[in-house]
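These are the residues of each chain, in order.
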Amino acid sequence: MGIPTIPVRSISAAMCATVLLAICCSMLPAQTIPAAKAPRGVLYSSAGSELTRYEIDAVNAALIKKESITLPAAVQYAWPHPLHKYLYVTWSNGGAAAMPPGATSAPRGDRHGASVFRIEANGALTAIGNPVALPARPIHNSVDANGTHLLVAYNQPSNFTIHRINPDGTIGAVVPQTAKIDAGIYAHQIRADASGKTLILVTRGNAASKTRPEDRGALKVFRYTDGVVSNEVSVAPNGGENFQPRHIDFHPSQPWVYVSLERQSKVQLYKLANGALSPTPLFTKDSIANLQRKTERQDASTLHVHPNGNILYQGNRSAAPDGKGNTRDGGGENSIAVYSLEAKTGEPTRIQNIDTHGGEPRTFALDPAGRILVAGNQTPMQTSSGIVPASMAVYRVKPDGKLEYVRKYDVDTSKGPQFWTGIVELP
């Protein structure tokens, strides 16, 4: 089909140019999607038991604060249903998220649970069903790819539970497990892969101290069928020594699993094939820019693969308690590391480390179209030039995947630290 013939003499030159531009734009490839048609996201951020909604202006890399809701206790983590209809939020009055300002130790807690909210068209949250009690402090939760089960991980004691999700989105009964489970030491994350056949429990272990040896970490890999796990295999290079995995993320189209090593400040790549994870990493890379500046208080946090599968992002944290209930600069990096991913092998190559303009970026998120990234700096941090507030730092994602800092929004943490931030695609 050619471009139609237009009697140019009957219209002005300006009108002719306008008509030709419109025709040419209409003939662009189908994959060219106007910005207005890109999937929309909404950001949620917690401070203690308060969860606040922010509208996202991706064009201007801006956030617009909206209403807040209050959970029964401090928010630990949240995860959306794959249909974007519901948000599952876990909470507890124990752990670091429940520490009041000025406290020097985290409470053990005695109230732990999960709540579910319907996500309205504008991202507002409406509670549905009743909160469900959990046996211990939940450190992470997610939903399987079919949206049929809620997965919850606990760090002390290390364990997990799997709950059915009812047709109306509410949380149903716990699924009994038939096999004895080795849940490792200090679970930190639980994820099921896109096939719905493999479940991975990330068990971090603990670093050695003056009074005890290292608790070794591992990736516990299970067969997963309708909420029931079996055939656990422990992946722990070098027997788990000096191996403290914190979080994983799956590549959107390749059989690759990226692992963030907390105390080692590294990222690793494993291959996942037929439900089996490679016993050793295919690649291991440093997450910080200057290894000479790596301090005792330098830790990696979470990581996320860009929706296009070409870029990986990972958080780096450097902060330490001052013994008086405050947080001080740890002397290292508070940054987001950016990696390009080789198309055939998945090998990550670090191309940028960008400052988060705050302390302890525990969580960060990309909008659904991968246009902006928001990093959540967890707590106020004492530096040589004064106290830097907890905040959300906003970046544009450039065409090559690198980040461009735009602005930050300070967060009031008088009710508790900003323990979780996340961006959810709107229904």
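Residues numbered from 1 in each chain as written. Predicted model: local features only at pLDDT ≥ 70, side-chain atom pairs only at ≥ 80, totals over all residues. Heavy atoms only, no water.

What should I look at first to understand the side chain of Arg-53 in this one?
Tracing the chain through its elements places Arg-53 in strand S2 (residues 50–57). The class for Arg-53 is buried, based on a relative accessible area of 5%. Within the structure, Arg-53 has its side chain in polar contact with the side chain of Glu-67 (distance 2.7 Å). Not counting residues within four places of it along the chain, the set of residues in contact with Arg-53 comprises Val-42, Leu-43, Tyr-44, Ile-64, Lys-65, Lys-66, Glu-67, Asn-122, Gly-123 and Ala-124. (Helix = DSSP H or I, 4+ residues; strand = E, 2+ residues; numbered from the N terminus. Buried < 20%, exposed > 50% of the residue type's maximum accessible area, 1.4 Å probe, protein only. Polar contact = N/O pair within 3.5 Å; in protein donor to acceptor, adjacent residues only side chain to side chain. Contact = heavy atoms within 4.5 Å.)

What exactly am I supposed to notice about the pattern of salt bridges here?
Here the idea is simple: oppositely charged side chains can pair when their charged atoms come close. Evaluation of the coordinates by the stated rule reveals 18 salt bridges. Here Asp-249 ties to Arg-191 by a salt bridge, and the two come within 3.4 Å at their closest N and O atoms. Pair noted here: Asp-249 is in strand S16 (residues 245–250) and Arg-191 is in strand S12 (residues 187–192), with a separation of 58 residues, a long-range link. Overall, Asp-249 belongs to the buried group, its relative accessible area being 11%. Residues Asp-410 and Lys-408 are paired through a salt bridge, measuring 4.0 Å at the closest nitrogen-oxygen approach. Relative accessible area serves as the criterion here: at 29%, Lys-408 is assigned to the partly exposed category. (Salt bridge = Lys/Arg side-chain N within 4 Å of Asp/Glu carboxyl O.)

Where do I start with the sheet that holds strand S5 (residues 86–92) in this structure?
Strand pairing in a sheet takes place through backbone hydrogen bonds and is either antiparallel or parallel in direction. On the basis of which strands lie adjacent, the open sheet formed by 4 strands has the order S4-S5-S6-S7 and antiparallel pairing. Both edges of this open sheet fall to strand S4 (74–80) and strand S7 (125–133), since each of them pairs with a single strand only. Between one strand axis and the next, the sheet turns through 25° on average, direction left out of account. (Pairing = 2+ DSSP bridges. Axes fitted to C-alpha atoms, helices over the stretch in contact; angles between N-to-C directions.)

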